[in-house]
Amino acid sequence: MSGAGEHLFIDGAAGRIETVVDRPEATLRGAALVAHPHPLYGGTLDNKVVQTLARTFVELGYVSLRPNFRGVGKSEGEHDEGRGETEDLLRVAEYAKKTFGPLPLVLAGFSFGAAVQTQVAQRTSPLRVVLVGVAVGRFPAPEPHQEHRQRFMAVLAARNLRKSYGGAEVVAGVSFAIAPGECFGLLGPNGAGKTTTLRLCLGLTDPDHGSIELMQRPVPGEARPARARVGVVPQMDNLDPDFTVGENLLVYGRYFGLSEGAIRARIPQLLDFAGLSARAASQIQTLSGGMKRRLTLARALINDPDLIFMDEPTTGLDPQARHLIWERLKQLLAGGKTIVLTTHFMEEAERLCARLAIMDRGRIITEGSPRELILRHIEPHVVEAHGDGVMDWSDREAGKLASRLEKSGETVFCYAADPAPLLSSLANQGELRYLHRPANLEDVFLKLTGRELRD
């Protein structure tokens, strides 16, 4: 849809604002200003959630205006808490009012775009504000008189969840909301409370406190009908060894009340998706670990779910099998599915997740997009040094040249905004080996949760 509609260039505070305008065929009811995520976090006019929002408003009779944040606005190339994007959106809102007169204005946005729209709403008089997956950041709360206009659409929303076992609180006030069509990651060391949180959200365990809505149904009260629209890929494969590949899908589909004809019609499509079309009659024991994992994923899709929970989907797989699973998950996201992902592979979370939360000791300690968390919590450059004498070099020179040091075994991790002095120093240390790389999500994870081993 990004190429559809009319492309306009509206004068902004720091340049011309490219805006895509899609008009309804029916009588015009109003104008909808739709904002996509920040380009630093991967937001473009091609964002599928934003396209869906715009298309929905057009179908309802609103003209949709989608300004492009990429390369325009005062915040180009840096994160300034949305001030540049706010000014751009206000300019487009002014254009809409001048062009479409007294017709109602609706503000809508996804992730960072949703957060920015809360600021725009305070300086305009919109009919309604539709926020999808509000990004975390230092944004002012809506004025009290505007709160009634806010709407947050979520496929899963958890509020202040608490759960204790034997006097120990394993989930301690967890809250989050997941927008349609996004991949939300839940990360944390062993014992952080991730699995218990997932069980609470699925209605498999009752919370001691808090509320859950799954597919717009209260959980655990209406967990069973809510789970009818959910797929689950457990951490450990639990395929039935007494059945063939095809029979595993057939039997599992019956648990959802699907007719045998409907299930059999769906099986070839799922086997093709999993790359197992030639193994329909194979026994489970003859499959490799990667094949079993792909079959477990296909089985989770038998009821064509809107939301899929994936608990460490690539643990134990070789790199080739892991990359194949990643490609399949990207296909699901491109098709509009929503994914909740737990994983210990930080690269996996960076590749797949639009947003993620890091848990530790039962609490969410940070939340945001992978890129946002890296910018927020870690220096941009990392130099890893090891070899004979590295600790002496660390004490003698590195501490003066790096913003921060971490030591793990025989490796020194140097974090810096400018790596040049560190690299110059290491070039004169012939006995040391080193690696210079950009900071990544694993650096954030280890900084926030520590490097000590968790059982």
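Cut-offs applied
- Residues numbered from 1 in each chain as written.
- Predicted model: local features only at pLDDT ≥ 70, side-chain atom pairs only at ≥ 80, totals over all residues.
- Heavy atoms only, no water.
- Helix = DSSP H or I, 4+ residues; strand = E, 2+ residues; numbered from the N terminus.
- Buried < 20%, exposed > 50% of the residue type's maximum accessible area, 1.4 Å probe, protein only.
- Contact = heavy atoms within 4.5 Å.
- Areas by Shrake-Rupley, 256 points an atom, 1.4 Å probe, with all protein chains shown as cover.
- Polar contact = N/O pair within 3.5 Å; in protein donor to acceptor, adjacent residues only side chain to side chain.
- Pairing = 2+ DSSP bridges.
- Axes fitted to C-alpha atoms, helices over the stretch in contact; angles between N-to-C directions.
- Phe/Tyr/Trp six-rings, centres within 6.5 Å; stacked < 30°, edge-to-face > 60°.
- Lys NZ or Arg CZ within 6 Å of the ring centre and 35° of its normal.

Novice: Where do I start with the overall build of the chain in this structure?
Specialist: In terms of helices and strands, the chain carries 14 helices and 21 strands. Counting across all 455 residues of the chain, residues that qualify as buried make up 52%. Put simply, of all contacts in the chain between residues at least 6 apart along the chain, 66% involve residues at least 24 apart. Accessible surface, the chain as shown: approximately 20300 Å² in total, 50% of it carbon and sulfur.

Novice: For this particular structure, what's the right way to read helix α14 (residues 441-449)?
Specialist: Each α-helix winds once per 3.6 residues, and so residues spaced three or four apart point in a common direction. Along α14, the residues classified as buried are Leu441, Asp443, Val444, Phe445, Leu446 and Thr449. At the N-terminal end of α14, a side-chain oxygen is found 3.1 Å from the backbone nitrogen of Glu442, two or three residues along, and the residue is Asn440. Gly450 sits one or two positions beyond α14 and adopts a positive phi of about 90 degrees.

Novice: I tried to follow the sheet that holds strand β9 (residues 168-178) on my own but got confused; where do I start?
Specialist: To summarise the sheet geometry, strands pair through backbone hydrogen bonds and adopt either a parallel or an antiparallel arrangement. If you trace the four strands from one edge of the open sheet to the other, you get β9-β8-β11-β12, paired in antiparallel fashion. Among the strands making up the open sheet, the edge pair consists of β9 and β12 (217-219). The mean angle between the axes of side-by-side strands here comes to 25 degrees, regardless of whether they run parallel or antiparallel. Inspection of the sheet shows strand β8 (residues 156-165) paired to β9 by eight bridges, in the antiparallel sense. In the strand pairing of β9, Ala157 is matched with Ala177. Relative to β9, helix α4 (residues 194-202) is tilted by about 60 degrees, and along the sheet it contacts β8, β9, β11 (209-214) and β12.

Novice: Would you mind going over the pairing of strand β16 (residues 355-360) with me for this structure?
Specialist: Every regular strand shows the same layout, with side chains that alternate between the two sheet faces. Burial of β16 is extensive: six of the six residues sit out of reach of the surface. The alternating pattern of β16 places Arg355, Ala357 and Met359 on one face and Leu356, Ile358 and Asp360 on the opposite face, and all of these are buried. Here strand β10 (residues 183-187) runs beside β16; their pairing, made up of four bridges, is parallel. Of the residues in β16, the one forming a bridge with Leu186 is Ala357. The pairing of β16 with strand β17 (residues 363-368) spans five bridges and is classified as antiparallel. Bridging from a neighbouring strand, Asp360 pairs with Arg363 of β17. Between the end of β16 and the start of β17, which pair antiparallel, lie two residues, with Arg361 showing a positive phi angle near 55 degrees.

Novice: How do you make sense of the sheet that holds strand β19 (residues 404-408) when you look at a structure like this?
Specialist: Strand order in the open sheet formed by four strands is β19-β20-β18-β21, with antiparallel pairing between adjacent strands. The open sheet has two free edges, formed respectively by β19 and β21 (433-438), since each of these has just one partner strand. In this sheet, neighbouring strand axes are inclined to one another by 20 degrees on average, regardless of whether the strands run parallel or antiparallel. The sheet contact formed by strand β18 (residues 381-386) and strand β20 (residues 411-416) spans six bridges and is antiparallel. Opposite Glu384, over in β20, you have Phe413 as the bridge partner.

Novice: Is there a simple way to think about the side chain of Gln429 in this case?
Specialist: Within the fold, Gln429 resides in the loop between α13 (420-426) and β21. If we skip the residues at most four places from it in the chain, Gln429 touches Trp393, Arg396 and Glu397.

Novice: Honestly, the pairing of β18 in this entry has me stumped. Any pointers?
Specialist: Bridge count for β18 against β21 is six bridges, and the pairing is antiparallel. Directly across from His386, in β21, lies its bridge partner Arg433.

Novice: Just checking my understanding: could you explain the packing of aromatic side chains for this structure?
Specialist: Within the structure shown, the criterion is met by four aromatic pairs. A centroid spacing of 5.9 Å and a plane angle of 75 degrees characterise the contact between Phe57 and Tyr62, whose relative ring orientation is edge-to-face. Residue classification places Phe57 among the buried positions, given a relative accessible area of 9%. Judged by its relative accessible area of 8%, Tyr62 falls in the buried class. On the numbers, 6.0 Å between centres and 90 degrees between planes, the contact of Tyr252 with Tyr255 is edge-to-face. The exposure class of Tyr252 is partly exposed, given its relative accessible area of 21%. An aromatic cluster of at least three residues, connected via ring pairs, comprises Tyr252, Tyr255 and Phe256. The ring centre of Phe345 lies 4.2 Å from the NZ or CZ of Arg322, which sits over that ring. Lying across the ring of Tyr415, Arg404 places its NZ or CZ 4.1 Å from the centre.

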